[in-house]
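# Understanding the architecture of this molecule
Residues per chain, in single letters:
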Amino acid sequence: SARSRLDAGSPDTARLALLSGALVARHKPGAVVDVTFPGALSAAALAGTLRAARQADAIVCVSVPAAARAESPHAPSTIVDAILAAAVAARFDRPLVIAARAQPLSSGASLERLSETLYRDVAAGFTSIGFFSAAFADDVDAFRKIAAPIVEQELGVEVELDGALDPARVLARLDDAG
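So, here's what we can say about the structure. (Residues numbered from 1 in each chain as written. Predicted model: local features only at pLDDT ≥ 70, side-chain atom pairs only at ≥ 80, totals over all residues. Heavy atoms only, no water.)

## Overview of empty space enclosed by the protein
Tallying each qualifying case throughout the model produces two cavities of 30 Å³ or more. Counted as a void, the second largest cavity has a volume near 60 Å³. Around the second largest cavity, the lining residues are Arg 69, Arg 101, Gln 103, Leu 114, Thr 117, Leu 118, Asp 121, Ile 129, Gly 130 and Phe 131. Of all elements in the fold, only α6 (111-124) and β5 (128-132) reach the threshold of two or more residues within the lining of the second largest cavity. Looking at the lining of the second largest cavity, the element that brings in the most residues is α6, giving four residues. Looking at the lining of the second largest cavity residue by residue, the class counts come to four nonpolar, three polar and three charged. (1 Å grid on protein atoms, 1.4 Å probe; cavity = no way out; pocket = protein on both sides within 12 Å on 5 of 7 lines; lining within 4 Å. Points joined across faces, edges and corners; volume = space filled by probe spheres on them. Helix = DSSP H or I, 4+ residues; strand = E, 2+ residues; numbered from the N terminus. Nonpolar A, V, L, I, M, F, W, Y, C, P; charged D, E, K, R; others polar.)

Okay, structure coming up:
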């Protein structure tokens, strides 16, 4: 995980506060800065954003799109390492969330494939994992089974409502399932 890699790193990395995405919701609106990386934001620009967020005493959520994580088997680890390096360069000492945005599933894609991707993202050090509710075809038990390792590690789980299903119904089913 990212925390274990930080603990084994230099003294500069020991002061980074990785935060589960589940805890971000407890902060007041406006106290969280959400940026997407990689993409239009380079590593240098990310470091600059982190410096500005440090000055504003803000939590930063760095969102990583599924396409960027799927570029190679090592892409998730490489991206997390780049985010952590930018945080060290910025002397960022505020809470940091590294979020793996939801991966859309094509028709016929298996939940086993999603599970493999999930384990790779968790091992890389993401602190919050996103899912599309439609990926589970309203099967909350399948979702609970796949999300169990994330919950056990006290990482954030996000269900991204894509408009395909009634949000109130999805949330009620997840709440009922625990």
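## Notes on the nonpolar core
Leu 50, Ile 83 and Leu 96 are the most contacted members of the largest nonpolar core, which has 34 residues in total. Contributing elements (two or more residues each) for this core: α3 (43-55), β3 (59-64), α5 (75-89), β4 (95-100), α6, β5 and α7 (140-152). Of the residues forming this core, the biggest block, six residues, is contributed by α5. Not counting chain neighbours up to four residues away, the residues in contact with Ile 83 comprise Phe 37, Leu 46, Val 62, Val 64, Leu 96 and Ile 98. (Core = buried A, V, L, I, M, F, W, Y, C linked by side-chain atoms within 4.5 Å. Buried < 20%, exposed > 50% of the residue type's maximum accessible area, 1.4 Å probe, protein only. Contact = heavy atoms within 4.5 Å.)

## Things to note about the pairing of β3
Within β3, six of the six residues are buried, leaving the element largely enclosed by the surrounding structure. Residue alternation in β3 divides its side chains into two sets, Ile 59, Cys 61 and Ser 63 and Val 60, Val 62 and Val 64, and both sets are buried. In the sheet, β3 pairs with β4 via five bridges, with the strands oriented parallel. If you follow Ser 63 over to β4, its bridge partner there is Ala 99. (Pairing = 2+ DSSP bridges.)

## Considerations on the environment of Phe 92
Tracing the chain through its elements places Phe 92 in the loop between α5 and β4. Distance from Phe 92 to Leu 50, taken between C-alpha atoms, is 6.2 Å for residues 42 residues apart in sequence.

## Let's talk about the packing of aromatic side chains
Going through the model one piece at a time under the given rule, you end up with zero aromatic pairs. The positively charged end of Arg 69 is found above the aromatic ring belonging to Phe 126, 5.8 Å away from the centroid. (Phe/Tyr/Trp six-rings, centres within 6.5 Å; stacked < 30°, edge-to-face > 60°. Lys NZ or Arg CZ within 6 Å of the ring centre and 35° of its normal.)

## What about unusual backbone geometry?
Even without a glycine there, the phi angle at Asp 57 is positive, about 55 degrees. Checked against the element boundaries, Asp 57 lands in the loop between α3 and β3. With a relative accessible area of 55%, Asp 57 lands in the exposed category. Even without being a glycine, Arg 91 presents a positive backbone phi close to 55 degrees. Counting through the fold element by element, Arg 91 comes out in the loop between α5 and β4.

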